Protein chains: 2
Amino acid sequence: MNEARRRRLAMKAAQAAGVNGLLVTHPADVRYLSGFTGSSAALVLAGARAALFTDGRYRTQAKAETSGLRVVVEQKAAALLAVEWLAEAGVARCGFDSTHTSVATLDSLRAVLPAGKRRGFFVGLEGLVAKLRQVKDSDEIGRMRRAASLGCALFEEVLQHIVPGIPESEVAAQLEFMARMAGAEAMSFETIVASGERSALPHGKASAAKLPKRGFCTMDFGVVLEGYCSDMTRTVHLGKPSQRELDVYHSVLEAQEAAVEIVAPGVTCGEVDEAARSVLRSARLDKYFSHSTGHGVGLEIHEGPRVASKQKQVLEPGMVITIEPGVYLPGEFGIRIEDTMLVTASGGEVLTAASPKVWMEL
Amino acid sequence: MNEARRRRLAMKAAQAAGVNGLLVTHPADVRYLSGFTGSSAALVLAGARAALFTDGRYRTQAKAETSGLRVVVEQKAAALLAVEWLAEAGVARCGFDSTHTSVATLDSLRAVLPAGKRRGFFVGLEGLVAKLRQVKDSDEIGRMRRAASLGCALFEEVLQHIVPGIPESEVAAQLEFMARMAGAEAMSFETIVASGERSALPHGKASAAKLPKRGFCTMDFGVVLEGYCSDMTRTVHLGKPSQRELDVYHSVLEAQEAAVEIVAPGVTCGEVDEAARSVLRSARLDKYFSHSTGHGVGLEIHEGPRVASKQKQVLEPGMVITIEPGVYLPGEFGIRIEDTMLVTASGGEVLTAASPKVWMEL
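Participant: Please explain the packing of aromatic side chains as it appears in this structure.
Facilitator: Centre distance and the angle of the planes are the two values used to describe a pair of aromatic rings. A full pass over the atoms with the stated rule returns 15 aromatic pairs over all chains. With a centroid separation of 6.5 Å and 15° between ring planes, the pair formed by Phe216 of chain A and Tyr249 of chain A is classed as stacked. Separated by 33 residues along the polypeptide, Phe216 of chain A in strand β9 (residues 215–221) and Tyr249 of chain A in helix α9 (residues 243–262) bring together distant segments of the chain. No difference in accessibility class separates Phe216 of chain A from Tyr249 of chain A, as the two residues are buried. Ring centres of Phe216 of chain B and Phe333 of chain B lie 5.2 Å apart, and the angle between their planes is 45°; on these two criteria the pair is classed as tilted. Remark: Phe333 of chain B occurs in strand β17 (residues 333–336) and Phe216 of chain B occurs in strand β9 (residues 215–221); sequence separation between them is 117 residues. The structure contains a cluster of three or more aromatic residues connected by ring pairs, namely Phe216, Tyr249, Phe333 and Trp359 of chain A.

Here it is in structure tokens:
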């Protein structure tokens, strides 16, 4: 089981961080380390021992999905029982994820401990499991390939619905229906269909606005397949474009391809961002590129690493990231082009390559 | 604008809690107090002043959706700028939501302040805005009525797809497609379609399993309409039931109706839970009712109040809650029946009444 191996790596990282126990409550982290797919549980690790605490809703499911650990089902809050278990297991210092644990939750966890044990018991570790999750193993890479392939197939299919006068929400409906029928468990985020002037909204969720006779339509969407997220964006044009629309499109495409080109182990995330940004700078469009170039993706749609300006983090084989520069001209139009890429031993592989990024006029 | 009124109430509650400024970062709270629907922003209140900090992705949208407050768009993390604003606005003690602020975020916010000001500046307030949101105003009640009505209409429509041999995921796909085409912005949670033995999983997301010739099919779903969530569950039966299936169904229905019946201002949430639970206890089924009776619903699918055993919180007019007892017999079958209810001045009104809860055999 991959999960048992991941738990060993997590425990090793925890020990390196100076703790002898680990409390994991963020659902994606719990799933990564145990296989449990429910929305609420606490996983605890102490040396080679592991236990999963959840509530009655998940009694059957938790036992079916996990192996090599104890499953405890109780009505009482899972995290509180988990702390009792940790204390009984002889843990003296317990790591927890300070980025996914609220101030109020930490207070309630501390209150479970005897007063004399509280000080120094909990040690905030920022994203310890998240860091492990950045580098995908072969099982995960297989799942992400299949999710990306499904995304590409759906894009080809949805093109028939890109017709002037159709509401954006109907395009999204068709896309999501096809995704479900093809076996997607969910969409990985709210589908973006932004057309005409709305394409200048980088996060323009599908609205009641109707597709124009002439203008861009940006689609940014992803599916969840076998637990893993796909993510891709294509911008197509309805009707005849202006020269300016063509020019800006090709600048964005050039920027996107420049970033794709330099992805390789040892390159920093900041260098990847700069590869895209510098192309737009030359075209005097960089001030309309108002977000970062990309992000990691996996069990969650937004994971590490951040592919953003000045980020010093170095790419490693097995990381999966998006490359998605865009240009947004308020009141006019916007364009974004996005692929998901796997960092390989020697460079990068575009997982969403099945959908070409050339100018597409419908 | 309702938002301006809500901001005044929030500031008043903050002052009552001993602070003279408020930092709001939970997206649903930001939306409630400002109208901004993006996924990332920080709203700050100091006396009658208000400002919203967000990033470049939301430049156009943030200005279009809000009024009566300053909108600041910067690449820098919104919450950090917000803290600078608070300090400059003369805030000495600032409330923040300890249930939605991570330990790591609080550390980074503190670090923005001059060292001499850090101590005592941030005061953790558990769910200050969440408490206001429990009681819906008339605008919100209108939206929730429309969302609930759409949910009922969709249930009627999806019945035609409840056919032996159809995968659960296809039932979900049809339901979600119809929801989108009818104008839903999203589903309010992952659609549950759990059939046959899987109906014994309280949170059985729609899977590839095919609907049986004989057995139950539980559908638990909701739409987001005008920002507000609907939530309802119906369990139907395919083919001829056994006497036991009929008996258990009627026990769950009786439990659900008993809880619906006693909803009124002044009644505690624990009393509502007990109304359902005691019916199942009489039928010796209470140990198979493994979750609480319900929860508040609104901008988010799970809000306060918790309708659970021993909860002392008192219902107030304007609260919107679910009533959803269930019985889950592992390896056999499960049944859950859920309505969404508005607490009125004199009692309760079922918002999902358009879909009858009688035994339905398909």
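Having seen the structure, we can now continue with the description.
Participant: Help me understand the domain arrangement of chain A, please; the structure alone is not making it clear to me.
Facilitator: Quoted interface sizes are often the accessible area lost when the parts come together. Residue and element names in this part refer to chain A. Looking at chain A, the domain boundaries give domain 1 (2–132) and domain 2 (138–350). With centres defined by C-alpha atoms, the gap from domain 1 to domain 2 works out at 35 Å. Taken together, the contact pairs 6 residues of domain 1 with 7 residues of domain 2. Seen at the junction of domain 1 and domain 2, the total is 0 salt bridges. One can count 1 residue pair in polar contact (both at pLDDT 80 or more) joining domain 1 with domain 2. Mapped by element, the contributors of at least two residues to the side of domain 1 that touches domain 2 are α1 (2–16) and α2 (27–34). Among the elements that make up the side of domain 1 that touches domain 2, the one with the highest residue count is α2 (3 residues). For the side of domain 1 that touches domain 2, the class distribution of residues is 2 nonpolar, 2 polar and 2 charged.

Conventions adopted
- Residues numbered from 1 in each chain as written.
- Chains lettered and ligands numbered in written order.
- Predicted model: local features only at pLDDT ≥ 70, side-chain atom pairs only at ≥ 80, totals over all residues.
- Heavy atoms only, no water.
- Phe/Tyr/Trp six-rings, centres within 6.5 Å; stacked < 30°, edge-to-face > 60°.
- Helix = DSSP H or I, 4+ residues; strand = E, 2+ residues; numbered from the N terminus.
- Buried < 20%, exposed > 50% of the residue type's maximum accessible area, 1.4 Å probe, protein only.
- Domains from an automatic or database assignment.
- Contact = heavy atoms within 4.5 Å.
- Salt bridge = Lys/Arg side-chain N within 4 Å of Asp/Glu carboxyl O.
- Polar contact = N/O pair within 3.5 Å; in protein donor to acceptor, adjacent residues only side chain to side chain.
- Nonpolar A, V, L, I, M, F, W, Y, C, P; charged D, E, K, R; others polar.

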